[in-house]
Amino acid sequence: MNPRPLDLDDPDRLYTVTGGRSRAADADLDLVTLIVAENDPAPGMQSEHVAILRLCRNEPVAVVELSSHLRLPVSVVKILLLDLRDTGHITVRHPTSASATTHLADLDTLKEVLVGLKAL
């Protein structure tokens, strides 16, 4: 399989896929945002929407992974995802690190580390 460079992708197709929109109006989606399908594709859905729902059916998939699987620019995938989110077909999950927020070092430990670094 030989992927086509993005520059060779048909701009008319991208325009059609997004319904003429060029930017996602919502900044909630970034490259690592996880997408989960909430239901199966409905008859008459746009083929790209169907592909997204099938890819996200069994496990969460990152926006950047969807872009790669669909061979579409991330900006186009974000527009498609916002359509699906607004109609309740997907859930958007933002990855977080629970340990980063719950296990903060106490001030005494930080002072000891600083003293140890100065001793070097």
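Our structure's up above, just so we're on the same page.
Being a predicted model, the structure only gives us computed values, none of them experimental.

1. Here's the deal with the nonpolar core
Turning to step 1, where the next piece is worked out: Ile35, Ile52, Cys56, Leu66, Val77 and Leu81 are the most contacted members of the largest nonpolar core, which has 18 residues in total.
Turning to step 2, where the next piece is worked out: If you tally residues by element for this core, the top one is helix α4 (residues 74-86), at six residues.
Turning to step 3, where the next piece is worked out: Apart from the residues within four sequence positions on either side, cysteine 56 is in contact with Ile35, Val36, Ala37, Val61 and Leu66.

2. Considering the sheet that holds strand β1 (residues 34-37)
Turning to step 1, where the next piece is worked out: Within the open sheet, the three strands sit side by side as β2-β1-β3. Their pairing is antiparallel. The open sheet has two edge strands, β2 (61-62) and β3 (90-93), and neither has a second partner.
Turning to step 2, where the next piece is worked out: Here four bridges tie β1 to β3, and the two strands are oriented antiparallel to one another. Bridge pairing links valine 36 to threonine 91 in β3.

3. Quick look at the packing of helix α3 (residues 63-70) against α4
Turning to step 1, where the next piece is worked out: Contact geometry of α3 with α4 gives a least axis separation of 9 Å together with a crossing angle of 110°. Accordingly, the angle class assigned to the pair α3 and α4 is roughly perpendicular. On α4, the residues that touch Val63, Leu66, Ser67 and Leu70 of α3 are Val74, Val77, Lys78 and Leu81.
Turning to step 2, where the next piece is worked out: Partitioned by chemical class, the residues of the contact of α3 with α4 number six nonpolar, one polar and one charged.

4. Overview of a nonpolar patch on the surface
Turning to step 1, where the next piece is worked out: Together, Leu31, Val32 and Val64 make up an exposed nonpolar region whose accessible area comes to about 240 Å².
Turning to step 2, where the next piece is worked out: Along the chain, the position of leucine 31 falls in the loop between α1 (11-17) and β1.
Turning to step 3, where the next piece is worked out: We classify leucine 31 as partly exposed; its relative accessible area is 43%.

Scoring rules and cut-offs
Residues numbered from 1 in each chain as written. Predicted model: local features only at pLDDT ≥ 70, side-chain atom pairs only at ≥ 80, totals over all residues. Heavy atoms only, no water. Core = buried A, V, L, I, M, F, W, Y, C linked by side-chain atoms within 4.5 Å. Buried < 20%, exposed > 50% of the residue type's maximum accessible area, 1.4 Å probe, protein only. Helix = DSSP H or I, 4+ residues; strand = E, 2+ residues; numbered from the N terminus. Contact = heavy atoms within 4.5 Å. Pairing = 2+ DSSP bridges. Axes fitted to C-alpha atoms, helices over the stretch in contact; angles between N-to-C directions. Parallel < 35°, antiparallel > 145°, perpendicular 65-115°, else oblique. Nonpolar A, V, L, I, M, F, W, Y, C, P; charged D, E, K, R; others polar. Patch = residues over 30% accessible without salt bridge, like charges linked within 9 Å, V, L, I, M, F, W, Y side chains within 5 Å. Areas by Shrake-Rupley, 256 points an atom, 1.4 Å probe, with all protein chains shown as cover. Salt bridge = Lys/Arg side-chain N within 4 Å of Asp/Glu carboxyl O.

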